[in-house]
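Structural features, examined
These are the residues of each chain, in order.
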Amino acid sequence: MDRTTLAALLADHRAFFTANRTKDLSFRREQLKQLRHMIVRNEAALFEALKQDLGKPAFESYGGETGFVVREIDGALKNLDRWAKPRRVTTPLAYFPGKSRIYQEPYGVAMIIGPWNFPVQLMLTPLVGAMAAGNCALLKPSITALHTSHLLAQLIKDHFDPAYISCVEGGAETTQLLLAERFDYLFFTGGPAVGRIVMTAAARHLTPVTLELGGKNPCIVDKDIDLDVTARRIVWGKFFNCGQSCVAPDYLLVRRDIKKPLLGRIAAAVQQFYGTDPSQSPDYGRIIDHGHFDRIMRLLGSGTVILGGTGDRPTRYIAPTILDNITTGDAIMQEEIFGPLLPVLPYDEIDQAIAVVNKMPKPLALYLFSRGRKLQQRILRDTSAGGGCINDVVIQESSDSLPFGGVGESGIGAYHGKLSFDAFSHQRSIIRRGFLFDVRLRYPPYKDHLKWVRKFW
Ligand code: NAD
């Protein structure tokens, strides 16, 4: 897309927004239903595109992509009236009689930039928030998930007025071109490096941002656990989408005395889920492209392979892999893995595990397995993360009553459920008064007003 075409598209978006159609709640509801219809009617085609891009099994395409977005839409449809209603709050005595309300005002034209790993969910879930809150939106999916990007662009074109919702395809150059323009809100999901580029571009126009970023998510496994359940949950969360999830456990910190039995159960769970040859399993995905395949295979140089460790470049298959004897100095501990390799670091005392976590940037998720209440409290107190679970992994991401977002290096802002509506709304504060009672104390000449103001204000 060249600059002139882009400027024309943005002018159309602005004109659409200024015409106030999106301010009407029945318009928003109708359009959310249209989005729902678009997804449900084209679910098979979306599954096929996701299969081609990521080898995604239908179960994961439903749970992590289409079904996920439909649930968000249904929540928005059910609650829109309540979310959008001006909220009454108390008014200070000094302004009596008066009424204070917070109005939910759409920002205007929002841009949503997405990554390739959940290319449907991470484009359309923020879109639900943008639409529910009454914005126009321009979507920029990741071209790395090529088939899904093409399909989404076509579906958006077929189902929406392009002045209301548009989809612009392209790589980094296209995104940079878009970022040079002024939007009223930027919602970005991706890595911290590009997050910085987005925030720098936003600063030029003072555009507010949500940054949903990634990082290395620790999974601490202490004693007093159910070994089988722990192993199953870790294996599911790590190898869902072939390890390419922003909330996947990145590395394991395991109390040394349970390391051996735990790794045995993890190996057993891998075999139970994906068979003796996971390359033949219909339930195991593929790496997105050869660039990422090569990057992940290079990380296999760290530690000792105790499970998996093989890959097939033409089919972009990498086996579910466990790496033992890892130290914090190894290459695999210097970057987000974003693939099916699980490095394991043992500890003797919990302080050592906490020290490892706190030496790294704040993660998007932190997981702890232990029944110990004191330990649970200690980990919550002594570490910081976007979110996480105690005795489970990943599932915090799919609860629409929990804010989903990072902290520090893993992001700014949060969304899902009502918080998606809030993310795309400006909270406009209004005090409404009549003309009765015009207390003169605030007006000059102030003379002895101060002593009275101190009493009432
Ligand atoms: P990325 O940051 O490379 O790309 C994200 C988007 O930015 C893409 O649309 C891409 O086209 C664009 N982009 C890439 N380079 C750019 C540049 N130089 N200038 C402008 N735009 C550019 O991320 P990715 O590889 O697509 O996704 C993986 C990352 O996303 C991981 O770090 C992962 O943890 C993170 N992630 C976070 C979440 C979350 O919800 N917090 C969800 C999924 C993925």
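Higher on the page you've got the structure.
What this report covers is the structure whose coordinates are included nearby. (Residues numbered from 1 in each chain as written. Predicted model: local features only at pLDDT ≥ 70, side-chain atom pairs only at ≥ 80, totals over all residues. Heavy atoms only, no water.)

**Focus on the nonpolar core**
What counts, and what does not: Buried Ala, Val, Leu, Ile, Met, Phe, Trp, Tyr and Cys residues form a nonpolar core when they are joined through side-chain atoms within 4.5 Å. Each residue is assigned to one of three classes by its accessible area relative to the maximum for its type, calculated with a 1.4 Å probe on protein chains only: buried under 20%, partly exposed between the two thresholds, exposed over 50%. In this document the domain limits rely on a domain assignment from an automatic tool or a database. Residues count as neighbours in contact if any of their non-hydrogen atoms are within 4.5 Å of one another.
With 131 residues, the main nonpolar core has Leu 35, Leu 124, Leu 127, Val 221, Leu 252 and Ile 266 as its most contacted residues. Taken domain by domain, this core gets at least three of its residues from each of domain 1 (3–213 + 407–429) and domain 2 (218–398). Contact partners of Leu 35, with chain neighbours within four places excluded, come to Ile 73, Leu 124, Leu 127, Val 128, Met 131 and Phe 160. Listed in part, the five residues of the second largest apolar core include Leu 54, Ala 145, Ile 288 and Phe 338.

**Here's the deal with the layout of surface pockets**
Cut-off, in case you're wondering: In this analysis, the protein atoms alone were mapped onto a 1 Å grid. Cavities are point sets where a 1.4 Å probe fits without being able to get out; pockets are open sets with protein on both sides within 12 Å along at least five of seven lines; lining residues have an atom within 4 Å of a point. Grid points are joined across faces, edges and corners, and a volume is the space filled by probe spheres set on the points. What counts as a helix is a DSSP run of H or I of at least four residues, what counts as a strand is a run of E of at least two, and both are numbered from the N terminus.
The space that makes up the largest pocket amounts to roughly 650 Å³. Mapped onto the lining of the largest pocket, the elements with two or more residues apiece are α7 (172–179), β6 (185–189) and α8 (192–205). Mapping the lining of the largest pocket onto the domain boundaries places at least three of its residues in each of domain 1 (3–213 + 407–429) and domain 2 (218–398). Size it by volume and the second largest pocket reaches roughly 450 Å³. Along the walls of the second largest pocket sit 17 residues, with Ala 94, Val 439, Leu 441, Arg 442 and Val 453 positioned nearest its centre.

**Details of the site of the ligand**
Defined as follows: A single heavy atom is enough: if one lies within 4 Å of a molecule or strand, its residue is considered near that molecule or strand. Counted as a polar contact is a pair of N or O atoms within 3.5 Å, where, for protein atoms, one must be capable of donating a hydrogen and the other of accepting one, and residues adjacent in sequence contribute only when both atoms are in side chains. In short, Shrake-Rupley with a 1.4 Å probe defines the accessible areas, and a residue's cover is counted only from the protein chains shown. For this analysis, a molecule is said to be in a pocket or cavity if more than half of its atoms are within 2 Å of the grid points defining it.
Surveying the vicinity of the ligand reveals 25 residues, the closest of which are Gly 114, Gln 176, Gly 191, Leu 213 and Glu 336. Taking Lys 140, its side chain carries an N or O atom lying 3.0 Å from an oxygen atom of the ligand. Glu 212 is positioned such that a nitrogen or oxygen atom in its backbone is 3.5 Å from a nitrogen atom of the ligand. Coverage of the ligand by the protein chains reaches 87% of its 840 Å² of free accessible surface. Under a 2 Å grid-point criterion requiring more than half of the atoms, the pocket assigned to the ligand is the largest pocket.

**Description of the packing of helix α3 (residues 43–54) against helix α4 (residues 58–84)**
Put simply, the test is: Convention adopted: a line fitted to C-alpha atoms gives each axis, helices being fitted over their contacting stretch, and angles between N-to-C directions are expressed from 0 to 180 degrees. By definition in this entry, angles of less than 35 degrees are roughly parallel, angles greater than 145 are roughly antiparallel, angles of 65 to 115 are roughly perpendicular, and the rest are oblique. Residues are grouped as follows: Ala, Val, Leu, Ile, Met, Phe, Trp, Tyr, Cys and Pro are nonpolar; Asp, Glu, Lys and Arg are charged; every other residue, Gly included, is polar.
For the pair α3 and α4, the least separation of the axes is 10 Å and the interaxial angle reads 110 degrees. As summarised for this structure, α3 and α4 are arranged roughly perpendicular, according to the angle between their axes. Between α3 and α4, the residues in contact are Glu 43, Leu 46, Phe 47 and Leu 50 and Ala 58, Ser 61, Tyr 62, Glu 65 and Thr 66, respectively. Considered class by class, the residues forming the contact of α3 with α4 number five nonpolar, two polar and two charged.

**Re helix α13 (residues 373–382)**
Here is the rule: Picture the helix axis, draw a direction to every C-beta atom, and the arc is the one those directions span.
Among all positions of α13, only Leu 375, Gln 376 and Ile 379 are buried. Angular distribution of buried residues about the axis of α13 spans 105 degrees; they occupy a single face of the element. Exposed side chains of α13 directed beyond 90 degrees from the buried face belong to Arg 373, Lys 374, Gln 377 and Arg 381. Looking at the packing, one finds that the buried side of α13 touches β8 (218–221), α12 (350–359), β15 (365–369) and β16 (387–390).

**Concerning unusual backbone geometry**
Put simply, Phe 96 and Pro 97 share a cis peptide bond, and its omega is -5 degrees. By the secondary structure assignment, Pro 97 is in the loop between β1 (87–89) and β2 (98–106). Phi is positive for Asn 241, close to 55 degrees, though the residue is something other than glycine. One can find Asn 241 in the loop between α9 (227–239) and β9 (251–255). Accessibility expressed as a relative area gives 2% for Asn 241, which makes it buried. One non-glycine residue, Asn 391, lies in positive phi territory at about 70 degrees. Looking at where Asn 391 falls in the secondary structure, it is placed in the loop between β16 and β17 (411–412).

**Some remarks on a nonpolar patch on the surface**
Applicable threshold: The residues that make up patches have over 30% relative accessible area and no salt bridge, and they are joined within 9 Å when like-charged or within 5 Å when they are Val, Leu, Ile, Met, Phe, Trp or Tyr. For salt bridges, the criterion is a side-chain nitrogen of Lys or Arg within 4 Å of an Asp or Glu carboxyl oxygen.
On the surface, Leu 93, Phe 96, Trp 452, Phe 456 and Trp 457 cluster together into a nonpolar patch covering about 670 Å² of accessible area. Structurally, Trp 457 is set in the segment after α15 (449–456).

**Section: the pattern of salt bridges**
Tallying each qualifying case throughout the model produces 23 salt bridges. The closest approach of N and O atoms between Glu 105 and Arg 428, which form a salt bridge, is 2.3 Å. Of this pair, Glu 105 sits in strand β2 while Arg 428 sits in strand β18 (residues 425–433); the two residues are 323 residues apart in sequence, bridging distant segments of the chain. The class for Glu 105 is partly exposed, based on a relative accessible area of 25%. A salt bridge links Asp 422 to Lys 418; the nearest nitrogen and oxygen atoms lie 3.0 Å apart. Of the two residues, Asp 422 and Lys 418 both sit in helix α14 (residues 418–423), four residues apart, roughly one turn of that helix. Classification of Lys 418 as partly exposed rests on a relative accessible area of 37%.

**Some points on the packing of aromatic side chains**
Both the distance between ring centres and the angle between the ring planes are used here to describe each pair of aromatic rings. Heads up, the condition is: When the centres of two rings from Phe, Tyr and Trp lie within 6.5 Å, Trp using its six-membered ring, the rings pair. Their planes under 30 degrees apart give stacked, over 60 give edge-to-face, and anything left gives tilted.
Tallying each qualifying case throughout the model produces 16 aromatic pairs. Taking the centre distance of 4.7 Å and the plane angle of 70 degrees together, the rings of Phe 187 and Tyr 415 count as edge-to-face. Taken together, the residues Phe 187 in strand β6 and Tyr 415 in the loop between β17 and α14 connect sequence positions 228 residues apart. Measuring from centroid to centroid gives 5.5 Å for Trp 236 and Phe 240, while their planes differ by 70 degrees, and the two rings are edge-to-face. Its relative accessible area of 32% is what places Trp 236 among the partly exposed residues.

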